[in-house]
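# Structural characterization, general
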Amino acid sequence: MPASQSRARARDRNNVLNRAEFLSLNQPPKGGPEPRSSGRKASGPSAQPPPAGDGARERRQSQQLPEEDCMQLNPSFKGIAFNSLLAIDICMSKRLGVCAGRAASWASARSMVKLIGITGHGIPWIGGTILCLVKSSTLAGQEVLMNLLLALLLDIMTVAGVQKLIKRRGPYEMSPSLLDYLTMDVYAFPAGHASRAAMVSKFFLSHLVLAVPLRVLLVLWALCVGLSRVMIGRHHVTDVLSGFVIGYLQFRLVELVWMPSSTCQMLISAW
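I will try to describe carefully the structure that is included in this document. Because the structure is predicted, anything quoted here is derived from the model rather than measured.

### Brief notes about the pattern of salt bridges
- For the structure on display, the rule yields 4 salt bridges.
- Across the pair R168 and D89 runs a salt bridge whose closest N-O atoms are separated by 2.9 Å. You can see R168 sitting in the loop between helix 8 (139-166) and helix 9 (178-182) and its partner D89 sitting in helix 5 (residues 77-96), a full 79 residues away along the chain. The burial state of R168 is the same as that of D89; both residues are buried.

### Some points on the layout of surface pockets
- The computed volume of the largest pocket comes to approximately 260 Å³.
- K114, S177, D180, R229 and I232 are the residues nearest the centre of the largest pocket, which is lined by 17 residues in total.
- Elements represented by at least two residues in the lining of the largest pocket include exactly helix 6 (110-118), helix 9 and helix 11 (212-231).
- Ranked by the residues each element gives to the lining of the largest pocket, the list is headed by helix 6, at 5 residues.
- Residues of the lining of the largest pocket, tallied by class, amount to 6 nonpolar, 6 polar and 5 charged.
- Taken as a whole, the second largest pocket spans an internal volume of roughly 200 Å³.
- A breakdown of the residues in the lining of the second largest pocket according to their chemical character gives 7 nonpolar, 3 polar and 3 charged.

### Quick word on the side chain of D155
- Along the polypeptide, D155 turns up in helix 8.
- In this structure D155 comes out as buried when scored by relative accessible area, which is 0%.
- Ignoring sequence-local partners within four residues, the contact set of D155 consists of G192, S195, R196, M199 and Q250.

### Looking at helix 10 (residues 192-207)
- The first and last C-alpha atoms of helix 10 sit 22 Å apart over 16 residues, in line with the 22 Å expected at 1.5 Å per residue.
- Burial analysis of helix 10 places 12 of its 16 residues in the buried class, the great majority of the element.
- Of all the residues in helix 10, the buried ones are G192, H193, A194, S195, R196, A197, A198, M199, V200, S201, F203 and F204.
- Against helix 6, helix 7 (122-135), helix 8, helix 9, helix 11 and helix 12 (237-256) lie the buried residues of helix 10.

Cut-offs applied
- Residues numbered from 1 in each chain as written.
- Predicted model: local features only at pLDDT ≥ 70, side-chain atom pairs only at ≥ 80, totals over all residues.
- Heavy atoms only, no water.
- Salt bridge = Lys/Arg side-chain N within 4 Å of Asp/Glu carboxyl O.
- Helix = DSSP H or I, 4+ residues; strand = E, 2+ residues; numbered from the N terminus.
- Buried < 20%, exposed > 50% of the residue type's maximum accessible area, 1.4 Å probe, protein only.
- 1 Å grid on protein atoms, 1.4 Å probe; cavity = no way out; pocket = protein on both sides within 12 Å on 5 of 7 lines; lining within 4 Å.
- Points joined across faces, edges and corners; volume = space filled by probe spheres on them.
- Nonpolar A, V, L, I, M, F, W, Y, C, P; charged D, E, K, R; others polar.
- Contact = heavy atoms within 4.5 Å.
- Expected span 1.5 Å × (residues − 1).

Now the structure itself:
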C-alpha cells in the first residue's frame, strides 16, 4: 500500500500538466458553458437577475427621444419666427373680422361690406369684359379688352391652383358662396378678390387715360375690396396681402405676353 502511494506521487510529479505554468490548462474557461447541473439550477425559480449594468443601459436607451421629437422640443429660429408671425396674423384677422357673424360688432354693415367684395369677383368682371368686347367697334378697344380677358382667366386659374395646393382655411368657419364655387375660390390663401382687384386696377392705370381723382379712387377701390374680405371673416390679412402681390405679378406677366391687335382679331373671328 505505501509502495502504491509512492508510485502515484511519483507519477504526479512526472506529469507535465501538474507544473505551475500549465495549471491554467486544467481550469475550465471563464466564458465557457457551465455544467448541466448549474444550467438547471439557473433556470429554476432561484435564478439570479441579469447584471444591473445591462438593465440601466436598456432603460437609458428606452428613455432616449427620437430625433424629430428633439427637433420639436428645440425648434429653430426660423420655426419660432414663422409660428409667431402666424399667430399675429390670426389674431389680427380675428380682430378685423367685425362683420364675420350676426353677433359681430359691425353686423349691420355686413351686407354693404359683402357688396364691396362682390365688385372684385371674377364672374362680373369676365361677363362685363365679354359684353364690352362684343359691343366694341375699335381695334384698340378690342385689343385692350381681349388682353384684359386673358388676364382675368389667368387670375382665376392661378388663384384656384394655389388655393388647391395650400388649402388654408379662413379665420372663421364660413362656407363659400355659389359664385365662389363657380370660380373655384373656396379656400383662403391667396385672396382671389384681392388679386383680381390689384391686377385690374394696375391694368386700368397703365392702359386707360384717367384723371387723378379717378386714379386715386381706383386704388382705394382695390384696397377696400381686400379689406372687405378680412372684415367678413373670409380671409386672413396675409391672404389679402399675398393676393395683392400675385395680382401685380399677373399684370406683369400679361404685359410680357401682350397680344397684338392682329392676334386679337384672329381670336375674335374664330370665336
